[in-house]
Amino acid sequence: QVQLVESGGGLVQAGGSLRLSCAASGRTFRDYAMGWFRQAPGKEREFVTIINWSGGSTNYADSVKGRFTISRDNAKKTVYLQMNSLKPEDTAVYYCAAAASGSSRLSTESEFDYWGQGTQVTVSS
């Protein structure tokens, strides 16, 4: 069992930065791939990024490549999402998710086993 709690969301102006954190509980955190998804108002939840169990492999949605960076600290059982050059279209609720497979080759919701409650990110123009 893994419980996930996101933090770090808020209101930021376009071009600004935010760093999201996702703290996990459970002894097997280091075995899980960790991902971030987001859901904008009136839209379906979409994949943002993923990092494999060791932190050695990552993947990003095209819409955030070059602006967002995912990282993890297995000792702290925490995954981070550094978001730079934010745009109004990045406004969404951001969710942290854990996948038992450990692989970074995942991008669909059904492949993830545990989810956080989400944190709101609002980017003003």
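Residues numbered from 1 in each chain as written. Predicted model: local features only at pLDDT ≥ 70, side-chain atom pairs only at ≥ 80, totals over all residues. Heavy atoms only, no water.

A. Representation of the overall build of the chain. The number of helices and strands found in the chain is zero helices and 11 strands. Of the regular secondary structure in the chain, the N- to C-terminal order runs β-β-β-β-β-β-β-β-β-β-β. By the compact-globule yardstick of 14 Å for 125 residues, the chain fits well, its C-alpha radius of gyration being 13 Å. In terms of principal-axis extent, the alpha carbons of the chain reach across some 40 × 25 × 25 Å. (Helix = DSSP H or I, 4+ residues; strand = E, 2+ residues; numbered from the N terminus. Rg over C-alpha atoms; globule rule 2.2 N^0.38 Å.)

B. The arrangement of the state of the cysteines in detail. Under the defined criterion, the tally for this structure stands at one disulfide. Paired through a disulfide, C22 and C96 show a sulfur-sulfur distance of 2.1 Å. Residues C22 and C96 are joined through a disulfide that is left-handed, its torsion about the S-S bond being -80°. Of the two residues, C22 is situated in strand β3 (residues 18-25) and C96 in strand β9 (residues 92-99); the sequence distance between them amounts to 74 residues. No difference in accessibility class separates C22 from C96, as the two residues are buried. (Disulfide = S-S within 2.5 Å. Buried < 20%, exposed > 50% of the residue type's maximum accessible area, 1.4 Å probe, protein only.)

C. A look at the sheet that holds strand β7 (residues 68-73). The strand order β1-β3-β8-β7 describes an open sheet built from four strands, whose pairing is antiparallel. This sheet does not close on itself; its edge strands, each paired only once, are β1 (3-7) and β7. Between one strand and the next, the sheet's axes are offset by a mean angle of 15°, whatever the strand orientation. Relative to strand β8 (residues 78-83), β7 runs antiparallel, the two being bridged by six bridges. (Pairing = 2+ DSSP bridges. Axes fitted to C-alpha atoms, helices over the stretch in contact; angles between N-to-C directions.)

D. How the structure looks around the nonpolar core. If you look at the biggest cluster of nonpolar residues, it comprises 35 residues, and the most contacted ones within it are M34, W36, M83 and Y94. Elements with a minimum of two residues in this core: β3, β4 (33-39), β5 (46-51), β7, β8, β9 and β11 (119-124). No other element matches β9, which puts six residues into this core. (Core = buried A, V, L, I, M, F, W, Y, C linked by side-chain atoms within 4.5 Å.)

E. Representation of the packing of aromatic side chains. Enumeration according to the criterion identifies five aromatic pairs in this entry. Pairing F37 with F112 gives two aromatic rings, centres 5.1 Å apart and planes at 85°, and the pair type is edge-to-face. Taken as a pair, F37 in strand β4 and F112 in the loop between β9 and β10 (114-115) lie far apart in primary sequence, 75 residues in all. On the accessibility criterion, F37 (1% relative accessible area) is buried. Members of the aromatic cluster, joined through ring pairs, are F37, F47, F112 and W115. The ring centre of Y80 lies 4.0 Å from the NZ or CZ of R19, which sits over that ring. (Phe/Tyr/Trp six-rings, centres within 6.5 Å; stacked < 30°, edge-to-face > 60°. Lys NZ or Arg CZ within 6 Å of the ring centre and 35° of its normal.)

F. Seen up close, the environment of Q120. In this fold, Q120 is placed in strand β11. Separated by 27 residues in sequence, Q120 and V93 have C-alpha atoms that sit 4.3 Å apart. When residues no more than four places from it in sequence are discounted, the contact partners of Q120 are G9, G10, T91, A92 and V93. Side-chain polar atoms of Q120 contact the side chain of T122, separated by 3.3 Å. (Contact = heavy atoms within 4.5 Å. Polar contact = N/O pair within 3.5 Å; in protein donor to acceptor, adjacent residues only side chain to side chain.)

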